[in-house]
Amino acid sequence: MASSLKPDSKGVGSSKLPSSSSPASASGMSSEPAESASGSGNDKKKKKSSTKTAKSEGSEGSFDFFDGMVGSDGAENGLVYLNAKWDPDDLSDGDMMSPPSPACVRRIKNDILAIYSDPPPGLCVMPDPHNITKIHGLLTGPFDTPYEGGFFYFLIRFPHDYPISPPRVRLMTTGNGTVRFNPNLYKSGKVCLSILGTWAGPSWSPAQTLSTVLISIQSLMNEKPYHNEPGYKHERTPGDSKNYNDIIMHETIRVAVCDMIDGATRMHMPDTLRAVMESSFPDYYKYYVQVCESHLHLDGQPMNDPFGDSRPTFNFRQLMKWLKTIKARLSDNKTDYSDSDEERTPGQGASNKGCRDCRQDDNLSLEGGAHGKNISGASAEGHSSNTSDGSEGPGGGNSNTS
Amino acid sequence: MEGWTGVATWKWIANDDNCGICRMAFDGCCPDCKLPGDDCPLVWGQCSHVFHMHCIVKWLQSQSTNSPCPMCRQEWKWKAG
Ligand SMILES: [Zn+2]
Ligand SMILES: [Zn+2]
Ligand SMILES: [Zn+2]
């Protein structure tokens with residue numbers, strides 16, 4: 001049994017939860033770091049006048065991109081302005097091709113161990129067995145958001161000069177490039193976040209870590225993602241935000257739950273992360289069904305995306321069938337990974353914090369100098385300073401705005 | 001450069017003991033160096049944040065226009081030692 005990703009904010013099944021001691025509920029998670037580290041809705045609006053401070057390699061001259069960005073499909077193209085390289089699979093440049101320095105590798109290991117030693121709720125990482133600069137990450141949608149119970153798989157790659165340059169991040173959970181889950185999460189997989197250089201606002205700082213990056217991404221998945229879009233602080237049409245949430249809930253169950261579990265192989269997702277999804281699924285099953293049942297009246301209606309994205313038609317009835325099929329399959333063949341993943345210890349996960357199951361890569365042991373206290377310091381700093389007042393967080397901060 | 005006494009003072013104020021850039025402990029050297037001590041000095045900014053000199057220099061050199069402190073984002077100004 002893999003340890004579950006389910007965040008501990010409702011006190012259900014806490015023995016399986018990653019961080020039972022953490023008071024940060026999913027909703028707390030989603031608001032606090034946003035203030036300091038990510039370009040959340042308000043943040044972005046505020047920055048509108050200060051776009052010139054945003055790092056934009058090789059894109060001098062054109063800062064009126066915001067006009068082109070309001071609206072959805074156009075937005076994806078409009079963002080070329082921030083020419084930051086974002087795609088972890090784009091190996092066309094030296095940043096990715098040169099081998100990482102020992103200092104860089106050490107920092108990456110430190111980042112990973114910080115997450116292992118103090119796992120933030122709903123967050124799981126797994127280094128690629130063949131390449132230390134490549135990390136597989138799984139975020140579960142936070143409680144009380146339309147993303148609740150969804151499995152969002154990210155691919156992260158560190159450039160050779162990390163942490164001087166930010167990591168590159170791609171969301172793999174996009175229904176094969178068809179679903180935009182958030183104004184900041186494009187169907188191309190691009191993650192629009194100022195600290196990644198893909199959005200206006202506080203830019204990257206080498207005090208950021210893998211953990212703060214993932215927490216910032218998690219904070220994009222908030223209660224009312226509609227308002228993440230610049231210029232949509234207030235609803236354009238009454239009911240837009242609720243309507244957008246209905247769409248995201250449907251697509252979360254369709255694409256971030258059912259298609260993720262059925263398509264894990266297609267996406268080359270590491271077995272350990274797949275096991276985490278499969279062991280979390282039964283815990284969420286009741287919730288999924290409730291969502292479907294309470295939205296059945298929408299079936300047959302087209303999803304009117306407030307940003308003009310093309311979307312399918314609501315079909316919660318079909319989702320219920322799909323969920324049922326998956327549930328039956330999972331309980332039938334309690335998937336046995338022992339052949340592909342011999343170091344996993346069945347039955348051990350339940351009482352473990354976080355992602356201990358992922359912790360099989362002993363390459364991760366730090367040579368010499370770094371100690372536990374060092375590691376937990378890295379992580380604790382990322383959180384506590386964010387939560388205290390948001391003004392002194394690593395790279396958080398307020399001073400680059402005007 | 002400031003020496004180890006400075007470190008103790010700073011620890012007392014900021015209650016932290018590792019470099020915000022490389023995350024290595026200040027009682028060791030930065031990951032590019034082999035031996036702790038004078039070869040890998042610590043440096044302070046006027047904002048009172050402290051880093052391995054090698055780490056902060058790498059960061060400042062990578063910045064084309066402004067050079068914010070990695071921790072507080074204020075413009076980095078060397079504190080006269
Ligand atoms: Zn350092
Ligand atoms: Zn050094
Ligand atoms: Zn500072």
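Values in this document were obtained by computation on a predicted structure and should not be read as measured data. (Residues numbered from 1 in each chain as written. Chains lettered and ligands numbered in written order. Predicted model: local features only at pLDDT ≥ 70, side-chain atom pairs only at ≥ 80, totals over all residues. Heavy atoms only, no water.)

Which parts of the structure should I look at to understand the overall build of chain B?
Counting its secondary structure elements, chain B contains two helices and two strands. Each helix and strand of chain B, ordered N terminal to C terminal, gives the series α-β-β-α. When the accessible area of chain B is evaluated, it comes to approximately 4,300 Å², of which 53% is carbon and sulfur surface. (Helix = DSSP H or I, 4+ residues; strand = E, 2+ residues; numbered from the N terminus. Areas by Shrake-Rupley, 256 points an atom, 1.4 Å probe, with all protein chains shown as cover.)

What is the right way to read the packing of helix α6 (residues 102–117) of chain A against helix α7 (residues 210–220) of chain A from this model?
All names here are of chain A. For the pair α6 and α7, the least separation of the axes is 8 Å and the interaxial angle reads 60°. When the axes of α6 and α7 are compared, the pair comes out oblique. Of α7, the residues touching α6 (which contributes D111, I112 and I115) are L210, S211 and L214. The class makeup of the residues in the contact of α6 with α7 is four nonpolar, one polar and one charged. (Axes fitted to C-alpha atoms, helices over the stretch in contact; angles between N-to-C directions. Parallel < 35°, antiparallel > 145°, perpendicular 65-115°, else oblique. Contact = heavy atoms within 4.5 Å. Nonpolar A, V, L, I, M, F, W, Y, C, P; charged D, E, K, R; others polar.)

How should I be thinking about unusual backbone geometry in this particular structure?
Most of the time, phi is negative for any residue but glycine, and the peptide bond is trans. Residues and elements named next belong to chain A. Looking along the chain, the bond that leaves Y162 and enters P163 is cis, with omega of 5°. In this structure, P163 sits in the loop between β3 (151–157) and β4 (168–171). Its identity as a non-glycine residue notwithstanding, N176 has a phi of 60°, on the positive side. Within the element layout of this structure, N176 appears in the loop between β4 and α7. Note on N176: relative accessible area 61%, which makes it exposed. (Buried < 20%, exposed > 50% of the residue type's maximum accessible area, 1.4 Å probe, protein only.)

Before we go on, may I ask you to explain the coordination of the zinc ion (ligand 3) in this structure?
The reference angle at a metal is 109.5 degrees if four donors form a tetrahedron and 90 or 180 degrees if six donors form an octahedron. Residues and elements named next belong to chain B. For the zinc ion (ligand 3), the full set of protein donor atoms is C47 (SG), H49 (ND1), C69 (SG) and C72 (SG), at a range of 2.0 to 2.3 Å. Geometry at the zinc ion (ligand 3) is tetrahedral, judged from its four donor atoms and the angles of 107 to 113° they form at the metal. Here H49 falls in the buried class, since its relative accessible area comes to 10%. (Donors = N, O, S within 2.8 Å, 3.2 Å for Na, K, Ca; no water. Tetrahedral: all angles 85-135°; square planar, octahedral: opposite > 155°, others 65-115°.)

I would appreciate a short explanation of the coordination of the zinc ion (ligand 1) in the present structure.
Residue and element names in this part refer to chain B. Surrounding the zinc ion (ligand 1) are the protein donor atoms C19 (SG), C22 (SG), H52 (ND1) and C55 (SG), at 2.2 to 2.4 Å. In this structure, the zinc ion (ligand 1) is coordinated by four donor atoms arranged in tetrahedral fashion, with angles at the metal of 95 to 122°. Motif for the zinc ion (ligand 1), donor spacing along one chain: C-x2-C-x29-H-x2-C. Highlighted residues: C19 in the loop between α1 (4–14) and β1 (42–44) and H52 in strand β2 (residues 50–52), separated in sequence by 33 residues. Judged on exposure class, the residue C19 and its partner H52 are both buried.

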